[in-house]
There are 2 protein chains.
Amino acid sequence: MFKLSDKLEFHNKRNDILTVGELLIDMISDDYDDHFECNSYKKFFGGSPSNIGMNVKRLGINSLVASAVGEDGLGTFLIGYLRNAGINTGCVQQVDYSTSMVVVSKSQLTPVPIFYRGADYHLAYTSKLEEALLNSKIVHFSCWPISMEPVRQTIEKVLDVAAENKILVCFDPNYHPMIWQKGEDGVEYVKSIISKVDIIKPSEDDAERLFGKDTYENQVQKFLQLGAKLVIMTLGKDGAIVSNGIETLKLDTLATEVVDTTGAGDAFWSGFYAAVVKGYSIRQALSLGFAVSAYKLKYTGAVVNLPTLEVIKEMYGLKEE
Amino acid sequence: MFKLSDKLEFHNKRNDILTVGELLIDMISDDYDDHFECNSYKKFFGGSPSNIGMNVKRLGINSLVASAVGEDGLGTFLIGYLRNAGINTGCVQQVDYSTSMVVVSKSQLTPVPIFYRGADYHLAYTSKLEEALLNSKIVHFSCWPISMEPVRQTIEKVLDVAAENKILVCFDPNYHPMIWQKGEDGVEYVKSIISKVDIIKPSEDDAERLFGKDTYENQVQKFLQLGAKLVIMTLGKDGAIVSNGIETLKLDTLATEVVDTTGAGDAFWSGFYAAVVKGYSIRQALSLGFAVSAYKLKYTGAVVNLPTLEVIKEMYGLKEE
């Protein structure tokens with residue numbers, strides 16, 4: 001049970017947060033084009049676990065990233081990028097599969113990504129990964145690494161070890177059938193894993209894909225019933241609804257200017273994590289998460305040059321409780 | 001046994017050549033860069049079966065292409081490209097896997113491609129494919145579609161039906177371990193399939209990857225011993241050595257100007273096919289193959305705007321026998 005006024009207690013660990021999951025290339029068309037006629041593409045560093053890892057470092061806490069890339073030029077590029085951002089890449093594995101890639105043709109309608117998954121789902125549970133986990137206060141994952149075998153087994157092992165060692169488990173249930181392994185309905189699997197999760201942050205769309213259409217309040221209840229201890233359901237420009245099953249809180253967005261929504265969810269997670277690690281209450285960490293997200297929304301790109309958490313707190317006029 | 005002075009006899013068929021295999025996107029960096037630091041890429045239409053299909057059409061014979069692409073924007077782009085080139089795409093299947101892609105960082109050293117295989121190896125043996133095969137004089141394939149299951153089964157079925165129906169079987173043994181399915185040594189499989197092949201066109205490198213280093217003459221003998229009826233071993237700027245086991249012929253290249261070697265092998269095949277279909281002898285078809293290849297070498301791109309076979313024959317001063 002997480003009371004909203006509580007500060008989370010962590011054991012003294014060398015690392016603050018370990019993010020586990022996809023590290024990949026985003027190959028994005030230069031022009032808007034609904035029919036893949038555009039021939040020019042730019043490659044970008046991609047993958048939410050690393051984005052969170054880089055964000056929280058800027059906000060002032062420590063991070064480790066566990067991902068798998070290929071033994072190829074694109075994998076080496078991704079590792080170099082992380083190192084340049086000051087991230088320890090000791091848990092980034094290089095495996096004998098092509099570095100995963102997502103190709104996107106920018107669209108005025110709905111951009112439809114094409115997924116090329118290779119190395120990312122071959123992340124193994126190694127002694128190095130276990131060591132990183134045991135030395136971390138928080139472990140974070142999303143639907144990517146549970147969507148395919150064998151990395152799903154790695155996550156299951158991570159969840160078992162996290163539970164035994166009282167490591168906070170946070171899950172982004174960004175379910176989408178397109179990333180799921182063929183022949184399996186991912187919805188049931190995603191639901192089954194929620195009992196092992198402390199904090200979950202679904203969007204409205206995530207909830208609808210998992211449970212069908214329903215009111216916000218009912219959707220939040222469903223996540224709680226499946227065993228999540230704290231549900232943060234984001235509602236886009238309408239902010240978020242948060243519940244631990246006893247207390248329910250409605251939060252407004254702090255965004256004033258929306259230039260690019262890419263990475264806004266990861267920015268929220270990042271601010272929230274930095275805040276709980278720095279000893280803020282859950283209630284205040286939620287506000288700080290929204291402040292970081294609002295800051296990110298003003299700039300283009302999945303990862304922007306965030307100031308420290310304290311500077312953002314001041315910018316958004318957030319008070320001590 | 002193919003005597004070099006023979007003209008090949010074909011049954012009267014609606015189609016001349018059916019090429020079976022990969023259809024894919026080549027994603028190539030704009031700049032030369034040995035470390036995948038370049039962020040700008042261009043996408044290109046790719047896949048040797050289609051390149052041969054488009055070439056032979058320009059040279060003046062008919063072609064069909066059997067390939068599989070994804071049910072995605074890139075697959076639709078590839079099909080549209082073929083249609084624009086006047087190719088019948090009735091045998092191009094759209095399957096529930098991402099359109100295959102090869103990412104290449106142009107290099108001053110050795111460019112190392114990264115393979116993203118999806119749809120291409122899911123080409124199924126369908127009644128439509130069988131109909132195309134039965135209505136064709138020649139069927140052509142390379143190592144791509146035998147390198148992975150399930151498309152390998154499609155090729156095996158194609159080879160059985162071709163044998164039963166006396167369709168000429170031609171094979172490009174462009175073996176490379178990088179495209180092969182994991183855990184299998186492709187060399188033995190490639191060798192095993194040669195007994196089902198009429199005409200094979202290895203390069204020196206292909207031969208070395210299959211048999212190790214040896215003299216040209218010995219390499220040619222090995223292909224013959226494995227059951228190929230005619231071996232055309234290309235030697236780059238040194239032309240080619242051709243043998244049916246009784247007669248051996250050394251051919252010089254006709255290239256005078258080399259601007260881009262991409263697609264030169266496919267151009268050779270294309271000229272050779274157009275010539276045998278048009279009733280030239282094997283010996284003359286070999287020269288016409290080299291003439292088309294020499295023409296292609298003067299221009300940039302895998303597929304260039306070839307004139308008809310007759311025009312090329314005149315350009316290169318090839319005489320009637």
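Residues numbered from 1 in each chain as written. Chains lettered and ligands numbered in written order. Predicted model: local features only at pLDDT ≥ 70, side-chain atom pairs only at ≥ 80, totals over all residues. Heavy atoms only, no water.

All right, on to the UniProt feature "domain: Carbohydrate kinase PfkB" (unreviewed entry) in chain A then. Sequence positions flagged by UniProt for "domain: Carbohydrate kinase PfkB" (unreviewed entry) are, in local numbering, residues 16-308 of chain A. Counted over residues 16-308 of chain A, helix gives 35% and strand 22%. Its end C-alpha atoms are 16 Å apart. (UniProt positions renumbered as here; feature names shortened; annotations may be inferred. Helix = DSSP H or I, 4+ residues; strand = E, 2+ residues; numbered from the N terminus.)

Our next topic: the interface of chain B and chain A. With 23 residues of chain B in contact, the opposing surface of chain A contributes 23 residues. A buried area of about 2100 Å², summed over both sides, lies between chain B and chain A, and 60% of it is on carbon and sulfur atoms. Considering only the side of chain B, the residues that lose the most area to chain A are Lys 43, Tyr 116 and Lys 182 of chain B, jointly responsible for 26% of the buried surface there. Taken together, chain B and chain A are joined by two salt bridges. The shortest N-O distance in the salt bridge between Lys 182 of chain B and Asp 96 of chain A comes to 3.8 Å. The tally of links from chain B across to chain A stands at eleven residue pairs in polar contact (both at pLDDT 80 or more). (Contact = heavy atoms within 4.5 Å. Buried area = accessible area lost by both parts, 1.4 Å probe. Salt bridge = Lys/Arg side-chain N within 4 Å of Asp/Glu carboxyl O. Polar contact = N/O pair within 3.5 Å; in protein donor to acceptor, adjacent residues only side chain to side chain.)

Here we come to the sheet that holds strand S3 (residues 40-46) of chain B. If you walk across this open sheet you meet the eight strands as S7(A)-S6(A)-S2(A)-S3(A)-S3(B)-S2(B)-S6(B)-S7(B), and the pairing is mixed. In the strand order of this sheet, the two ends are held by strand S7 (114-116) of chain A together with strand S7 (114-116) of chain B, each with one partner. Strand-to-strand twist in this sheet, taken as the mean axis angle between neighbours without regard to direction, amounts to 25°. Bridging between strand S6 (residues 101-104) of chain B and S7 of chain B involves three bridges; their strand directions are antiparallel. Of the residues in S7 of chain B, the one forming a bridge with Val 102 of chain B is Phe 115 of chain B. (Pairing = 2+ DSSP bridges. Axes fitted to C-alpha atoms, helices over the stretch in contact; angles between N-to-C directions.)

Time to look at the pattern of salt bridges. All names here are of chain B. Taken as a whole and judged by the stated rule, the model has 29 salt bridges over all chains. A salt bridge links Arg 209 to Asp 206; the nearest nitrogen and oxygen atoms lie 3.8 Å apart. Note that Arg 209 and Asp 206 are positioned in helix H6 (residues 204-211) at a spacing of three residues, about one turn of the helix. Judged by its relative accessible area of 5%, Asp 206 is buried. Of the charged contacts, one joins Glu 310 and Lys 278 as a salt bridge, the two residues approaching to 3.1 Å between their closest N and O atoms. In this pair, Glu 310 is assigned in helix H10 (residues 309-315) and Lys 278 in the loop between helix H8 (264-277) and helix H9 (282-297), connecting sequence segments 32 residues apart. For Lys 278, a relative accessible area of 32% gives the class partly exposed. (Buried < 20%, exposed > 50% of the residue type's maximum accessible area, 1.4 Å probe, protein only.)

Relative to the helices and strands, Gln 219 of chain B resides in helix H7 (residues 216-225). A polar side-chain atom of Gln 219 of chain B sits 2.9 Å from the main-chain carbonyl oxygen of Gly 212 of chain B.

This paragraph deals with the packing of aromatic side chains. Counting across every chain of the model gives 23 aromatic pairs over all chains. Arranged with centres 5.2 Å apart and planes meeting at 40°, the rings of Tyr 295 of chain A and Tyr 299 of chain A form a pair that is tilted. Take Tyr 299 of chain A: its relative accessible area is 36%, and that puts it in the partly exposed class. Linked through ring pairs, Phe 268, Trp 269, Phe 272, Tyr 273 and Phe 290 of chain A together constitute an aromatic cluster. The ring centre of Tyr 97 of chain A lies 4.7 Å from the NZ or CZ of Lys 182 of chain B, which sits over that ring. (Phe/Tyr/Trp six-rings, centres within 6.5 Å; stacked < 30°, edge-to-face > 60°. Lys NZ or Arg CZ within 6 Å of the ring centre and 35° of its normal.)

Okay, the relation of the copies chain B and chain A next. The two copies are related by a screw motion: chain B maps onto chain A through a turn of 180° and a shift of 0.0 Å along the axis, at an RMSD of 0.0 Å. Viewed as a symmetry operation, the transformation between the two copies matches a two-fold axis. Measuring from the rotation axis to each C-alpha of chain B, the shortest distance belongs to Tyr 41 of chain B, at 2.6 Å. Looking at the interface residues of chain B, 100% of them are also at the interface in chain A, so both copies use one shared face. (Least-squares fit on C-alpha atoms with pLDDT ≥ 70 in both.)

A separate point is the packing of helix H5 (residues 186-193) of chain A against helix H6 (residues 204-211) of chain A. Residue and element names in this part refer to chain A. Where H5 meets H6, the axes come as close as 9 Å, and the angle between the chain directions of the two elements is 110°. Taken together, the axes of H5 and H6 are roughly perpendicular relative to one another. Across the interface between the two elements, Val 187, Val 190 and Lys 191 from H5 touch Arg 209, Leu 210 and Phe 211 from H6. Taken together, the residues of the contact of H5 with H6 sort by class into four nonpolar, no polar and two charged. (Parallel < 35°, antiparallel > 145°, perpendicular 65-115°, else oblique. Nonpolar A, V, L, I, M, F, W, Y, C, P; charged D, E, K, R; others polar.)

With that settled, the discussion passes to helix H4 (residues 151-164) of chain B. An α-helical turn contains 3.6 residues, so a residue and the one three or four places further along point in the same direction. All names here are of chain B. Given a rise of 1.5 Å per residue, 14 residues ought to cover 20 Å, and the 20 Å separating the end C-alpha atoms of H4 matches this to within 8%. Restricting attention to buried positions, one finds in H4 the residues Val 151, Arg 152, Thr 154, Ile 155, Val 158, Leu 159, Val 161 and Ala 162. Where the residues of H4 are buried, they touch strand S1 (15-20), helix H3 (127-134), strand S8 (136-142), strand S9 (168-172) and helix H5 (186-193). (Expected span 1.5 Å × (residues − 1).)

Residue and element names in this part refer to chain A. Mapped onto the secondary structure, Leu 306 falls in the loop between helix H9 (282-297) and helix H10 (309-315). In the structure, Leu 306 is positioned 82 residues away from Leu 224 in sequence and 32 Å away in space, judged by C-alpha atoms. Ignoring any residue separated from it by four or fewer positions in sequence, one finds Leu 306 in contact with Asn 55, Arg 58, Leu 59, Val 292, Tyr 295 and Ile 312.

On to the confidence of the model for chain A, then. Mean pLDDT over chain A works out to 95, with 99% of the residues at or above the 70 mark. For this predicted complex, the interface score ipTM comes out at 0.90, alongside a pTM of 0.93. (pLDDT = per-residue confidence, 0-100.)

All names here are of chain A. Burial of strand S1 (residues 15-20) is extensive: six of the six residues sit out of reach of the surface. The sheet contact formed by S1 and strand S8 (residues 136-142) spans four bridges and is parallel. If you follow Leu 18 over to S8, its bridge partner there is Val 139.

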